Amino acid sequence: MTLADVDVEQPSPPSPPARPGRRRRVLGIVAGVLVLTLAGAGIAANMYYDSIPEPPEFRVRHAVADVTELPLPVLNTFVAAVDPAFYEDPFRPWSASLITRRYIVYAAQGGDASSMWVGIMADRLDDKYTHQQVLGFYLNTADFGRSAIGIEAAAQAYFGKPATRLTVAEAAVLAAQVAPDAPANPQSGWEQVLRTMVERGWLTSEEQALLSYPTIR
């Protein structure tokens, strides 16, 4: 028997050396695809934003109140009730103001206040008008119950007076009617509005203590 007749286990051939360049090329391709995808998404987002129409002009057929004639504490009862962060500049994708969104839903005659479509339109409205103007749009179109649309009709329905003569206590009653998280008990809602005003520095604790729940018609 010769060596040629003996089965000798041959060692496995060595693995080929790693090619780091291939990994870099693959990663580069993946990164390129991601960049193109993100760029495409950005273009699509801009196209969608531009496709949203401008907010409708403020038009109503009922009596309105000139909010420039209302004292700031009266106006702030509604801000405290609906969106205490209304005066701030939130760094969020679309307008964070529920006040603006609610007005857009009314002006556009429909829509969901939390939808992106309403958010974009609200964002444009916030860029075009001051906080006071936007607040005026909302207060003059809000539904306060008792078939009262707008703060002027609400002031007459609840207290038999024009909006310009509302006290802070009376305005807080109306504000509680439009608060998104108002408790079922009207007076509890009224107290909640005033507490928020104190927390925001729009009313002192001493001023709050002097207020009593007003008589409603």
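See the structure printed just above.
Values in this document were obtained by computation on a predicted structure and should not be read as measured data.

As for the nonpolar core
Generally speaking, soluble globular proteins have nonpolar side chains that are buried together. Counting residues in each nonpolar core, the largest one holds 49 residues, and the members touching the most others are Phe78, Ile99, Tyr138, Leu139, Phe144, Ile151 and Leu174. Going through the elements one at a time, helix H2 (72-82), helix H3 (98-107), helix H4 (116-128), helix H5 (131-139), helix H6 (151-159), helix H7 (168-178) and helix H8 (186-200) are the ones with two or more residues in this core. Per-element tally for this core: the top contributor is H7, with 9 residues. The contact partners of isoleucine 99, leaving out residues within four places of it in the chain, are Val79, Val82, Asp83, Phe86, Val134, Leu135 and Tyr138.

A look at the pattern of salt bridges
Oppositely charged side chains are able to pair whenever their charged atoms sit close together. This model, assessed by the stated rule, comprises 2 salt bridges. Between glutamate 88 and arginine 200 there is a salt bridge; the shortest N-O distance is 2.8 Å. Taken together, the residues glutamate 88 in the loop between H2 and H3 and arginine 200 in helix H8 connect sequence positions 112 residues apart. Relative accessible area serves as the criterion here: at 43%, glutamate 88 is assigned to the partly exposed category. Classification of arginine 200 as partly exposed rests on a relative accessible area of 36%. Between glutamate 170 and lysine 161 there is a salt bridge, with its nearest N and O atoms 3.0 Å apart. The same class applies to glutamate 170 and to lysine 161, which are both buried.

Notes on H4
Between its first and last C-alpha, H4 extends 18 Å over 13 residues, near the 18 Å set by a 1.5 Å rise per residue. Measuring from the side-chain oxygen of the N-cap residue of H4 to the backbone nitrogen of valine 118 gives 3.2 Å; that N-cap residue is serine 115.

So, the packing of H7 against H8
Where H7 contacts H8, the axes come no closer than 8 Å and their chain directions differ by 110°. Comparing their axes, H8 and H7 come out roughly perpendicular. Relative to H8, H7 is oriented so that their crossing is right-handed. Together, Val168, Ala169, Ala172, Val173, Ala175 and Ala176 of H7 and Gly189, Trp190, Val193 and Leu194 of H8 make up the contact between the two elements. Within the contact of H7 with H8, the residues separate by chemical class into 9 nonpolar, 1 polar and no charged.

What about unusual backbone geometry?
Backbone geometry at arginine 146 places phi at a positive 55°, although glycine is not the residue there. On the basis of relative accessible area, arginine 146 is assigned to the partly exposed category, the value being 44%. Positive phi is not limited to glycine here, since serine 147 has a value of about 60°. Looking at where serine 147 falls in the secondary structure, it is placed in the loop between H5 and H6.

Reading the values: the criteria
Chains are numbered independently. Their residues run from 1 in the order of the written sequence. Whole-chain, interface and lining totals are the exception, using all residues; otherwise, since this is a predicted model, local features are given only for residues with pLDDT of at least 70 and side-chain atom pairs are given and counted only at 80 or more. As a convention, hydrogens and water are excluded, and side-chain values are obtained from all of the structure's heavy atoms. By nonpolar core we mean a set of buried residues, namely Ala, Val, Leu, Ile, Met, Phe, Trp, Tyr and Cys, connected to one another through side-chain atoms within 4.5 Å. Only protein chains enter the accessibility calculation, which uses a 1.4 Å probe; a residue whose area is less than 20% of its type maximum is buried, one above 50% is exposed, and one in between is partly exposed. The secondary structure listing takes helices from DSSP runs of H or I that are at least 4 residues long and strands from runs of E that are at least 2 residues long, numbered from the N terminus. In this description, contact between two residues means that some pair of their heavy atoms is separated by no more than 4.5 Å. The term salt bridge refers to a pairing of a side-chain nitrogen on Lys or Arg with a carboxyl oxygen on Asp or Glu at a separation within 4 Å. A helix is expected to reach a length of 1.5 Å times the quantity of its residues less one. Polar contact is defined as a pair of N or O atoms within 3.5 Å, subject to the rule that within protein one atom must be able to donate a hydrogen and the other to accept it, and that residues adjacent in sequence are counted only when both atoms are side-chain atoms. With axes taken as lines fitted to C-alpha atoms, and helix axes fitted only over the stretch in contact, angles between N-to-C directions fall between 0 and 180 degrees. Each angle receives one of four descriptions, namely roughly parallel if under 35 degrees, roughly antiparallel if over 145, roughly perpendicular if within 65 to 115, and oblique otherwise. For a crossing to be left-handed, the near helix must be turned anticlockwise from the far one by less than a right angle; the clockwise case is right-handed. Gly falls in the polar group here, along with every residue not listed as nonpolar (Ala, Val, Leu, Ile, Met, Phe, Trp, Tyr, Cys, Pro) or charged (Asp, Glu, Lys, Arg).

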